[in-house]
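Observations on the model geometry
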Amino acid sequence: MRTTEQAPFTIEQFYKHINQGKLLGGMCTKCGKVHLPPRPLCDNCYSQDFEWTEIPARGKLLTYTVIHIAPVQFQSMAPYAMGIVQLTDGLKMPGMIRGIALEQIKIGMELTMDFGTCAATQPWPQWPRYYFKPA
Amino acid sequence: MNGKPLVSIVSVGLSKFGKLEGLYAREIFAEAAKEAFDRCPKLDPKNDIQALYVGHMGESYEHQGHTGATVADWIGLGHVPATRTEAACASSGVALRTAICAVRSGLSDVVMVGGVEKMTHRPTAEVTEYLAMASDYPFEQWNGMTFPGLYALMATAHMHEYGTTERHLAMIAVKNHFHGSLNPKAHMQKEITLETALSSRVVAWPLNLYDCSLITDGASCLILTKPELARKFTDMPVNIVGSSQAGDTIGLYERKSLTSLAAAKMAAKKAYEMAQVNPEEIDVAEVHDCFTIAELIAYEDLAFCKPGQGGSLIERAETKLGGRIPVNTSGGLKAKGHPVGATGTGQAYEIYLQLTGQAGKRQVKDAEIGLTHNVGGSGATATVHIYRRG
């Protein structure tokens, strides 16, 4: 699926897509490897030719933690859960888990991605954040 | 490689580890350097030392970069080529490997290698943010991850897969604090109880305060030379017989395994091969216990036990002084302290003392072969070194 043909395969662009409510990775047109997050250079075959490909924004929780001592900008949310989620085709993403009581979080549970928007309250990077919530 | 010495350590130095108020990093390094010079009267530092390698993670702490030149200047070696290495918590493990390469290349006969960090004068929240820089920013930190959080993710995965418990982790803290109580240079020299460790404040569940290493000031250094020159400087050299460094993805989330550090495993395998040593032959080891779970995983990555058996190894006290393979006799990062840049060569300092019978109350009897394991960030860099009494 060529959604944004000209868009560079950068972290900045990844977050522009998140801002639009889409999870997109970069598929190498030479070797077929899907990079999530995208990279401008294929780490498998060193090609620079990619296509944007939509990744189903759901998966299984592999592991998690509950952060009690948080960085300054997250302190008002603590304690909060962070996890690593197994998406399709061996792709994984880290993220915050919301919309569930902390003690009900279980390894193996199905989660979907929720997309925040960019608050633009700081200088670059002005990225939105994404979250995971129970499916 | 055939197990022959790569280089010889002819002297070592370590500053006091702790809250060193009013001292700048270069001054702390000078304390470590002075010990190394005093231990080796046959060395003429100004004329013999041909290069300096210094591990240092953060210029933010003191608003001071250019660490190589800064430190060299303050120890009267401003004229030698001085190079700073940075690989987060593995900064001086990487410095050590770089220094070994410098000697092995034939470019330098005698080099000094060490590391330093001055951290305690900054508020904890700020230090925590500096340390987090060792991990991925755009996906991990940006979305709320902390550095203890990354190791907590490994702990949860390890508990889920192998039945490891918070009690196992607390046992590692208790052991390392006991070892630290025997080390006059350790930051914390007080024993703790299992109950204290288990009931301490949660930092990133399942990791508590006592599962985390200390924010510490300190410096460490070694003087290396070619094996054939070692006896010119000392009667008791320690030889480095294996040196390896490996890498992995910067993001923890991209790793195949969340219960093992592939870089550490690979580095260990190469170092054992190079040294022609089996894991069973290691008499004493200093491993990177930035968090208790990191030490438990290190047992498995270094093949001191099988994957998943780390919990029972600590339960049987096999890694305590007097056990089969004492680990972190110095107190480790947990009790000796973790002045980030100083940690890698600080581990080598302890092994040098152990293999030369100078470790005092924490001496491992007849220790002949030692190992150090130094990890950067959540495992994107790992170095393993193996040492033999000369």
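Residues numbered from 1 in each chain as written. Chains lettered and ligands numbered in written order. Predicted model: local features only at pLDDT ≥ 70, side-chain atom pairs only at ≥ 80, totals over all residues.

1. Things to note about unusual backbone geometry
Of the consecutive residues A:Leu36 and A:Pro37, the connecting peptide bond is found in the cis state with omega at -5 degrees. Along the polypeptide, A:Pro37 turns up in the loop between strand 2 (34-35) and strand 3 (50-54). Geometrically, the link from B:Trp205 to B:Pro206 is a cis peptide bond, its omega value of 5 degrees lying close to zero. With respect to the helices, strands and loops of the structure, B:Pro206 is situated in the loop between strand 5 (202-205) and strand 6 (207-208). If you check the backbone angles, A:Tyr46 has positive phi at about 65 degrees while not being a glycine. If you trace the backbone, A:Tyr46 turns up in the loop between strand 2 and strand 3. The backbone of B:Ala88 shows a phi angle near 55 degrees, a positive value even though the residue is not glycine. (Helix = DSSP H or I, 4+ residues; strand = E, 2+ residues; numbered from the N terminus.)

2. Observations regarding the nonpolar core
In this structure, B:Phe29, B:Leu52, B:Val111, B:Val113, B:Leu207 and B:Ile293 are the most contacted members of the largest nonpolar core, which totals 160 residues. In this structure, B:Val113 is in contact with B:Tyr53, B:Ala95, B:Leu96, B:Ala99, B:Cys221, B:Leu222, B:Leu224 and B:Thr345, ignoring residues within four places of it in sequence. (Core = buried A, V, L, I, M, F, W, Y, C linked by C-beta atoms within 7 Å. Buried ≥ 20, exposed ≤ 12 C-beta atoms within 10 Å, placed from the backbone. Contact = placed C-beta atoms within 7 Å.)

3. Overview of the pairing of strand 4 (residues 58-67) of chain A
Residues and elements named next belong to chain A. For strand 4, a buried count of seven out of 10 residues is recorded, marking the element as mostly surrounded by other parts of the structure. Pairing of strand 4 with strand 7 (residues 110-115) involves three bridges; the strand directions are antiparallel. Looking across to strand 7, one finds that Lys-60 is bridged to Glu-110. Two strands pair when backbone bridges link them, and strand 4 and strand 5 (residues 80-86) are joined in this way by seven bridges, in the antiparallel orientation. Note on strand 5: the bridge partner recorded for Tyr-64 is Gly-83. (Pairing = 2+ DSSP bridges.)

4. Some words on the environment of B:His168
Residue and element names in this part refer to chain B. Along the polypeptide, His-168 turns up in helix 8 (residues 166-180). Separated by 210 residues in the primary sequence, His-168 and Ser-378 place their C-alpha atoms 20 Å from one another. Ignoring any residue separated from it by four or fewer positions in sequence, one finds His-168 in contact with Leu-296, Gly-311, Ile-314 and Glu-315.

5. Considering helix 11 (residues 262-275) of chain B
Residue and element names in this part refer to chain B. Under the 1.5 Å per step criterion, the end-to-end length of helix 11 is 20 Å for 14 residues, consistent within 8% with the ideal 20 Å. Regarding helix 11, the residues found buried are Ala-263, Ala-264, Lys-265, Ala-267, Ala-268, Ala-271, Tyr-272, Met-274 and Ala-275. Buried residues belonging to helix 11 abut strand 8 (238-247), helix 12 (292-301), strand 10 (369-376) and strand 11 (381-389). One or two positions beyond helix 11, positive phi appears at Gln-276, with a value near 55 degrees. (Expected span 1.5 Å × (residues − 1).)

6. Observations concerning the sheet that holds strand 3 of chain A
All names here are of chain A. Strand order in the open sheet made by the three strands is 2-1-3, with antiparallel pairing throughout. Only two strands of the sheet have a single partner each, and these edge strands are strand 2 and strand 3. Looking at chain direction, strand 1 (residues 24-28) and strand 2 are connected through two bridges and run antiparallel. In the sheet register, Gly-26 faces strand 2, and the bridge partner there is His-35.

7. Quick word on the sheet that holds strand 11 of chain B
All names here are of chain B. Ordered by their spatial adjacency, nine strands build an open sheet running 3-2-4-7-1-8-11-10-9, and the pairing between neighbours is mixed. The open sheet terminates on both sides in strands that have one partner only, identified here as strand 3 (82-85) and strand 9 (284-286). The average angle at which neighbouring strand axes cross in this sheet is 25 degrees, direction not considered. Of the strands in this sheet, strand 1 (7-14), strand 4 (110-117) and strand 7 (218-225) are in contact with helix 1 (residues 25-38), which crosses strand 7 at around 40 degrees. Packing of helix 4 (residues 91-104) onto the sheet brings it into contact with strand 1, strand 2 (51-55), strand 3, strand 4, strand 7, strand 8, strand 10 and strand 11, and relative to strand 4 it is tilted by some 170 degrees. (Axes fitted to C-alpha atoms, helices over the stretch in contact; angles between N-to-C directions.)

8. Let's talk about the domain arrangement of chain A
Residues and elements named next belong to chain A. When its domains are assigned, chain A resolves into domain 1 (11-54) and domain 2 (58-134). Once you take the C-alpha centre of each, domain 1 and domain 2 turn out to be 21 Å apart. On the side of domain 2, 10 residues touch domain 1, which itself brings eight residues to the contact. Looking at which element gives the most residues to the side of domain 1 that touches domain 2, the answer is helix 1 (residues 11-19), with three residues. (Domains from an automatic or database assignment.)

9. Side note on the interface of chain A and chain B
Many structure descriptions define interface size as the accessible area lost when the parts assemble. Counting residues at the interface gives 25 residues for chain A, matched by 25 residues for chain B. Sorting the residues of the side of chain A that touches chain B by element identifies strand 4, strand 5 and strand 6 (92-97) of chain A as the ones contributing at least two each. Considering each element in turn, the side of chain A that touches chain B owes the most residues, six residues, to strand 4 of chain A. Partitioned by chemical class, the residues of the side of chain A that touches chain B number 19 nonpolar, four polar and two charged. With two bridges connecting them, strand 4 of chain A and strand 5 of chain B associate as antiparallel partners. Across the sheet, the residue bridging to A:Val66 is B:Trp205, located in strand 5 of chain B. (Nonpolar A, V, L, I, M, F, W, Y, C, P; charged D, E, K, R; others polar.)

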